[in-house]
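A closer look at the structure
Read off the chains here:
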Amino acid sequence: MKNTPPDTPSSISRRKLITTGLAATAGVGGLAVAARLAQRYGLIPPDHGGLGICGPGETMNYAVQRLLTPHSLAREFSRNMISKAPFANEVAPPSDQFKQLQAGGFADWRLTVDGLVARPTTFSLADLKSLPHRSQITEVVCEEGWSYVAEWIGTPLDAVLNQVGVLPQARYVAYFSIEHDWWDSLDLTDAFHPQTLLAHAMNDGDLPVGFGGPLRMRVPRQLGYKSIKYITRLTVTDSMKRYGKGLGSASPEGGYAWYAGI
Amino acid sequence: MRSAPAIPAPYLSIPCYSAPVSATVTPLKVATPRHTALVRVTHWLTVISFFALLITGAEIVISHPRFYWGETGNVNMQPLFSLHIASSRDTVPTGYPYVMPDQNGWSRALHFQAAWVAVLTGLVYFIASLVNGHFRKNLVPAPPDRSWTAFRTVIARYLRRAPPIAAEAHSYNVLQRTSYLAVIFVLFPLVILTGLALSPAFNAAFPFVVDAFGGRQSARTLHFFITIFLVLFLIIHVAMIFLAGFIPRMRAMIAGRVVQPRERR
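Moving on: the sheet that holds strand 10 (residues 231–237) of chain A. Residues and elements named next belong to chain A. Spatial ordering of the open sheet is given by 2-1-10-5-6, a layout of five strands whose pairing is mixed. Looking at which strands have only one partner, the edges of the open sheet turn out to be strand 2 (121–124) and strand 6 (183–187). Across the sheet, the axes of successive neighbouring strands diverge by a mean angle of 20°, strand direction being ignored. Where strand 1 (residues 110–115) meets strand 10, four bridges bridge the pair, whose relative direction is parallel. The partner of aspartate 114 across the bridge, within strand 10, is threonine 235. In the packing of helix 5 (residues 157–164) onto the sheet, contacts are made with strand 1, strand 2, strand 5 (172–177), strand 6 and strand 10, and the angle to strand 2 comes to roughly 140°.

Pasting the structure below:
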């Protein structure tokens, strides 16, 4: 008679039960410690918990990319890679305030920098252009899937921040469009990243209004929606809780993650 | 007073009426181990995350149902091909008079969440299977099966609609092993890498990955086609489960055992 294996796979021994219990307790404890460390080292994005059950994956994206590759540089392309047919999403019709400034050739456009800075300052476009500038050929990548490559010329955000003197307790730089309810923020890693620009020119010409002229944030390591158009104000802050719904930008209020590195 | 009814004669010949139950009696059916707990748990986590990725991925595609080759692509450029579906953006020319509702916010978040589950599950499965010999024992074809003849034999059996041979209740045939290896070692890594090559931060850190695929839009297009291959695999996989016997195969992947009639000797 042939022997058949005993029917055991489902029987759980007491030892196995205790080991599993201990492992689960250690796992939960480990997660709690990890969460505390992550908070301390700035690995929790301001919209954590704001995206509901879909959100923890976005927090993982941010934490891992900040832990492993905080200082990598976005790919820069050769001049022949510049897209001949770039595309810009249309924005809402400009406000009267914008149209007035546009009529004056943006001579009266101002960028106000305030918050946790040593010297709150208001810059004209000419002031910004007198600061160190940088030109880079990078890709604009929309979360929808499309993209284009352009040359962006502007003032590195870190040049502006160094000019005003960021205070030690600062953690975020919030930036606001002249258009209502259009604002976002960067952590200091991206705010001081050498490729983060306040762009005022594109492909050797002035930045067209459709592409965000006269002044647009360019954050090439994140998706296009972080590159807000028509910037008039920067605020350096230690917490994003006081702005909007406290999620770090207008995007999470519409269901989109604050961190758009992926 | 009536006497107790007599037991009808035929029943007396049935052993269990006459013989006491002894320890040597074995059940008519036996359950034998099939899939380890690790295989079962990682399998179902993969199923859940795959469906989440598929649905959310489709939602994201709807916002730009055009595909390109190379580094860049947008509605001002010639697509490689377009899906003939409506879009959730009015900037995309689709020929449809309406715009679908935007679902990208939660779709993107859930896509990444499911991707984390899938990748971490895959990592556990991969390391454990290397260590415990699951790949070597159960997935790499045994030496006598590494021939075209072995493939042809299995394919011919499928084409004849022959019932699965007894060994296949406990082991995979060469065609199954090759398919699973292709999914685990080719399609899964490719779908993960082409997905990562869509992340601007990942591309900043590891530019050679997106360059290897021929640019960001090529990576996006490949991500789409690899998904199609994975869905084709899924359809065939599920069809084979039904052909081989849905309940026994599901029981093997859920409870881990194969129940078979006792062999008679």
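Alright, that's what it looks like, and here's the rest.
Averaged over chain B, the pLDDT score is 88; the fraction of residues at 70 or greater is 88%. For the stretch residues 1–22 of chain B, pLDDT sits under 50, and the model shows three contacts to residues farther than four places along the chain or on other chains.

Residue and element names in this part refer to chain A. With the rule as written, the count across this model stands at 17 salt bridges over all chains. Note that glutamate 139 and arginine 75 form a salt bridge whose closest N and O atoms lie 3.3 Å from each other. A residue pair is termed long-range when its members are at least 10 positions apart, and glutamate 139 in strand 3 (residues 134–141) and arginine 75 in the loop between helix 2 (56–68) and helix 3 (96–103) qualify at 64 residues. The exposure classification of glutamate 139 matches that of arginine 75, with both residues buried. Linked by salt bridges that have partners in common, Arg66, Asp187, Asp190 and Arg221 make up one network.

Residue and element names in this part refer to chain B. Closest axis-to-axis distance for the helix 2 (residues 37–62)/helix 3 (residues 104–132) pair is 8 Å, and the angle between their directions is 155°. When the interaxial angle is binned, helix 2 and helix 3 end up roughly antiparallel. You can see that helix 2 and helix 3 cross each other, and the crossing is left-handed.

Turning to the interface of chain B and chain A, a few remarks are in order. Taken residue by residue, the interface counts 46 residues in chain B and 49 residues in chain A. Overall, the association of chain B and chain A removes approximately 3800 Å² of surface from exposure, summing both partners, and the carbon and sulfur fraction of that is 57%. The three residues of chain B that bury the most area against chain A are Arg108, Trp116 and Pro200 of chain B, which together make up 16% of that side's buried surface. Where chain B touches chain A, the interface holds four salt bridges. Where the side of chain B that touches chain A is concerned, the elements lending two or more residues are strand 1 (29–33), helix 3, helix 7 (200–205), helix 8 (207–212) and helix 9 (216–254) of chain B. Each residue belonging to the side of chain B that touches chain A can be placed in one class, and the counts come to 20 nonpolar, 15 polar and eleven charged.

Our focus in this paragraph is the pairing of strand 3 of chain A. The side chains of a regular strand alternate between the sheet's two faces. Residue and element names in this part refer to chain A. Most of strand 3 sits out of view: six of its eight residues are buried. When strand 3 meets strand 4 (residues 147–156), the two strands line up antiparallel, connected through eight bridges. From the neighbouring strand, glutamate 139 faces strand 4, where its bridge partner is valine 149. The antiparallel pairing of strand 3 with strand 4 creates a hairpin that spans five residues between the two strands, and glycine 145 there sits at a positive phi of about 130°.

Looking now at helix 6 (residues 174–196) of chain B. Residue and element names in this part refer to chain B. Taking 1.5 Å of rise per residue, 23 residues should cover 33 Å, and helix 6 covers 32 Å from first to last C-alpha, within 8% of that figure. Of the residues making up helix 6, those classed as buried are Val174, Gln176, Arg177, Tyr180, Leu181, Val183, Ile184, Leu187, Val191 and Thr194. If you follow the buried residues of helix 6, they end up packed against helix 3, helix 4 (134–139), helix 5 (148–159) and helix 9. Capping of helix 6 at its N-terminal end is provided by asparagine 173; its side-chain oxygen lies 2.9 Å from the backbone amide nitrogen of leucine 175.

Helical geometry note: an α-helix holds 3.6 residues per turn, so side chains three or four residues apart project in the same direction. For helix 5 of chain A, every residue scored as buried is listed here: Leu157, Ala159, Val160, Leu161 and Val164 of chain A. Glycine 165 of chain A lies just past helix 5 of chain A and shows a positive phi near 75°.

Criteria and thresholds
Residues numbered from 1 in each chain as written. Chains lettered and ligands numbered in written order. Predicted model: local features only at pLDDT ≥ 70, side-chain atom pairs only at ≥ 80, totals over all residues. Heavy atoms only, no water. Pairing = 2+ DSSP bridges. Helix = DSSP H or I, 4+ residues; strand = E, 2+ residues; numbered from the N terminus. Axes fitted to C-alpha atoms, helices over the stretch in contact; angles between N-to-C directions. Contact = heavy atoms within 4.5 Å. pLDDT = per-residue confidence, 0-100. Salt bridge = Lys/Arg side-chain N within 4 Å of Asp/Glu carboxyl O. Buried < 20%, exposed > 50% of the residue type's maximum accessible area, 1.4 Å probe, protein only. Parallel < 35°, antiparallel > 145°, perpendicular 65-115°, else oblique. Left-handed = near helix turned anticlockwise from the far one by under 90°. Buried area = accessible area lost by both parts, 1.4 Å probe. Nonpolar A, V, L, I, M, F, W, Y, C, P; charged D, E, K, R; others polar. Expected span 1.5 Å × (residues − 1). Polar contact = N/O pair within 3.5 Å; in protein donor to acceptor, adjacent residues only side chain to side chain.

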